[in-house]
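Here is how the chains run, residue by residue.
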Amino acid sequence: MDDSLSAVVDGLANLTANVNAHADAARRWRERSYKRLLLSATAEADSSGNALMVFDPVSQGDVWDLCRLVVGGVQWSTTAAGSAVVYLTSGQATTTPSLTQVVDEAASLPSVAFYLAKQVSLISGENLVVYVSGGTSGQQYIASAQFALLGD
């Protein structure tokens with residue numbers, strides 16, 4: 001074989017090895033499993049009708065994708081006054097979140113919301129917070145969230 005043909009054959013061999021490596025990486029990515037995590041947070045509305053529900057923070061090194069969020073009274077049939085604002089924070093939960101923290105809102109309760117993968121992602125140390133305003137003083141509110149976690 002002359003040198004130019006040998007260089008072409010070597011180039012094709014390198015290209016094939018590179019394509020195979022990318023295909024293997026893509027296969028391994030697809031085979032990773034997703035785990036589901038179901039959490040809830042509750043709060044009683046204060047005398048002003050405000051309830052602040054704070055979910056546990058995301059564990060170190062994890063990323064949680066919010067899949068579903070249900071907000072309302074303790075039972076689906078419970079009449080629950082108020083509206084809800086959903087936001088993320090790595091600091092103190094408050095009834096006055098920054099507009100940049102807000103990820104969703106519900107004009108009436110009960111409310112069910114579904115999210116696409118990577119639409120609402122929480123990173124290490126972040127909390128999902130649901131703030132109900134205009135609620136009934138003394139009423140119990142609950143938020144139930146389903147998260148997807150990338151498994152090993």
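### Section: the pairing of strand E8 (residues 127-133)
So, point 1. With six of seven residues buried, E8 lies mostly within the body of the structure.
So, point 2. One ladder, built from four bridges, connects strand E2 (residues 51-54) with E8; its direction is antiparallel. Among the inter-strand pairings, Ala51 is bridged to a residue of E8, identified as Val132.
So, point 3. Of the strand pairs in this sheet, strand E4 (residues 83-89) and E8 are connected by seven bridges, and their pairing is antiparallel. Paired with Thr89 across the strands is Asn127, a residue of E8.

### As for the packing of aromatic side chains
So, point 1. Taken as a whole and judged by the stated rule, the model has two aromatic pairs.
So, point 2. Taken together, a centroid distance of 5.1 Å and an interplanar angle of 50° make the contact between Trp64 and Phe147 tilted. Here Trp64 is found in strand E3 (residues 63-73), whereas its partner Phe147 is found in strand E9 (residues 140-150), with 83 residues between them in sequence. Taken as a pair, Trp64 and Phe147 share a single burial class, namely buried.
So, point 3. By way of ring pairs, the aromatic residues Phe55, Trp64 and Phe147 are connected into one cluster.

### Examining the sheet that holds E4
So, point 1. Spatially, E2-E8-E4-E5 is the arrangement adopted by the four strands of the open sheet, whose pairing is antiparallel. Every other strand in the sheet has two partners, leaving E2 and strand E5 (102-106) as the edge strands with one partner each. On average, each strand axis in the sheet is tilted by 20° relative to the strand beside it, whichever way the strands run.

### A short note on a nonpolar patch on the surface
So, point 1. Taken together, Trp76, Val112 and Phe114 make up a surface patch of nonpolar side chains, about 380 Å² in accessible area.
So, point 2. Locating Trp76 in the fold gives a position in the loop between E3 and E4.

### Section: unusual backbone geometry
With the exception of glycine, most residues fall at negative phi, and the peptide bonds are largely trans.
So, point 1. Geometrically, the link from Leu109 to Pro110 is a cis peptide bond, its omega value of 0° lying close to zero.
So, point 2. Tracing the backbone shows Pro110 in the loop between E5 and strand E6 (111-114).
So, point 3. Despite not being glycine, Lys118 has its phi angle at roughly 70°, a positive value.
So, point 4. Along the chain, Lys118 falls in the loop between E6 and strand E7 (121-123).
So, point 5. Relative accessible area serves as the criterion here: at 57%, Lys118 is assigned to the exposed category.

### Describing the side chain of Gln139
So, point 1. With respect to the helices, strands and loops of the structure, Gln139 is situated in the loop between E8 and E9.
So, point 2. A distance of 3.1 Å separates a polar side-chain atom of Gln139 from the backbone oxygen of Thr79.

### Some details on the environment of Ala107
So, point 1. Residue position: Ala107 is located in the loop between E5 and E6.
So, point 2. Taking the relative accessible area as the measure of exposure, Ala107 reaches 64% and is therefore exposed.
So, point 3. Residue contacts for Ala107: discarding those within four places in its chain leaves Gly82 and Ser83.

### Comments concerning the pattern of salt bridges
So, point 1. Tallied over the full model, the rule gives one salt bridge.
So, point 2. Lys118 is paired through a salt bridge with Asp65; the nearest N and O atoms lie 3.5 Å apart. Taken together, the positions of Lys118 in the loop between E6 and E7 and Asp65 in strand E3 put the pair 53 residues apart, joining distant regions of the chain.

Thresholds, definitions, all that
- Residues numbered from 1 in each chain as written.
- Predicted model: local features only at pLDDT ≥ 70, side-chain atom pairs only at ≥ 80, totals over all residues.
- Heavy atoms only, no water.
- Buried < 20%, exposed > 50% of the residue type's maximum accessible area, 1.4 Å probe, protein only.
- Helix = DSSP H or I, 4+ residues; strand = E, 2+ residues; numbered from the N terminus.
- Pairing = 2+ DSSP bridges.
- Phe/Tyr/Trp six-rings, centres within 6.5 Å; stacked < 30°, edge-to-face > 60°.
- Axes fitted to C-alpha atoms, helices over the stretch in contact; angles between N-to-C directions.
- Patch = residues over 30% accessible without salt bridge, like charges linked within 9 Å, V, L, I, M, F, W, Y side chains within 5 Å.
- Areas by Shrake-Rupley, 256 points an atom, 1.4 Å probe, with all protein chains shown as cover.
- Salt bridge = Lys/Arg side-chain N within 4 Å of Asp/Glu carboxyl O.
- Polar contact = N/O pair within 3.5 Å; in protein donor to acceptor, adjacent residues only side chain to side chain.
- Contact = heavy atoms within 4.5 Å.

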